[in-house]
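Observations on the three-dimensional arrangement
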Amino acid sequence: MNAAEKALETFRQPPHSYNCAQTVCAAFGRDDLLAEMAACGGGRAPEGLCGALYGATRVLPDKAQQIIDAFRAENGAIHCRELKGANRVPCTQCVRCAATLVESLQA
């Protein structure tokens, strides 16, 4: 099972019902970030970033800009409001993209 599948397995699904930011962190075993990420879903990540994207940047902080740039290139935006508004990118796609980017950039 790849990272995107692991993330989507817990996204809004019992028994965890994690938000987008938490699912990305959990997919990479970063349980230390779960409490912090609990407040970062639904457009509440810092600066209005997509929660899945924010979680990805916290998993690989040294590659945050690469992740942000690649996420923007794939989805057309990095802020939740823009992704859900004009771009109509579903949360599941954001989670999949963020997890895939982290997986591809891990050393």
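Residues numbered from 1 in each chain as written. Predicted model: local features only at pLDDT ≥ 70, side-chain atom pairs only at ≥ 80, totals over all residues. Heavy atoms only, no water.

All right, on to the overall build of the chain then. When helices and strands are counted, the chain shows 7 helices and 0 strands. Over its C-alpha trace the chain gives a radius of gyration of 12 Å, about what one expects of a compact globule, namely 13 Å for 107 residues. The C-alpha extent of the chain, read off along each of the three principal axes, is 30 × 30 × 25 Å. Every one of the 107 residues in the chain was classed for burial, and the buried ones make up 47%. If you sum the accessible surface of the chain, you get close to 5500 Å²; carbon and sulfur atoms cover 49% of it. Put simply, the chain has 11 plus and 11 minus side-chain charges, and the middle of one group is 6 Å from the middle of the other. (Helix = DSSP H or I, 4+ residues; strand = E, 2+ residues; numbered from the N terminus. Rg over C-alpha atoms; globule rule 2.2 N^0.38 Å. Buried < 20%, exposed > 50% of the residue type's maximum accessible area, 1.4 Å probe, protein only. Areas by Shrake-Rupley, 256 points an atom, 1.4 Å probe, with all protein chains shown as cover. Lys, Arg positive; Asp, Glu negative; His and termini not counted. Charge placed at Lys NZ, Arg CZ, Asp CG, Glu CD.)

Of all the positions in helix H1 (residues 3-10), only Ala3, Ala4, Ala7 and Thr10 are classed as buried. Buried residues in H1, looked at end-on, bunch into an arc of 135°, giving them a common side. Each element contacted by the buried residues of H1 is listed here: helix H2 (20-27) and helix H7 (91-105). The N-cap residue of H1 is Asn2: its side-chain oxygen and the backbone nitrogen of Ala4 are 3.1 Å apart. Arg12 sits one or two positions beyond H1 and adopts a positive phi of about 55°. (Arc of directions from axis to C-beta. Contact = heavy atoms within 4.5 Å. Polar contact = N/O pair within 3.5 Å; in protein donor to acceptor, adjacent residues only side chain to side chain.)

Our next topic: the packing of helix H5 (residues 64-75) against H7. Where H5 contacts H7, the two axes come as close as 10 Å, and the packing angle between them is 140°. One element, H5, and the other, H7, form an angle in the oblique class. You can see that H5 and H7 cross each other, and the crossing is right-handed. Taken together, the residues of H7 that come into contact with H5 (itself represented by Gln66, Ile67, Ala70, Phe71, Glu74 and Asn75) are Gln93, Cys94, Cys97, Ala98, Leu101, Val102 and Leu105. Taken together, the residues of the contact of H5 with H7 sort by class into 9 nonpolar, 3 polar and 1 charged. (Axes fitted to C-alpha atoms, helices over the stretch in contact; angles between N-to-C directions. Parallel < 35°, antiparallel > 145°, perpendicular 65-115°, else oblique. Left-handed = near helix turned anticlockwise from the far one by under 90°. Nonpolar A, V, L, I, M, F, W, Y, C, P; charged D, E, K, R; others polar.)

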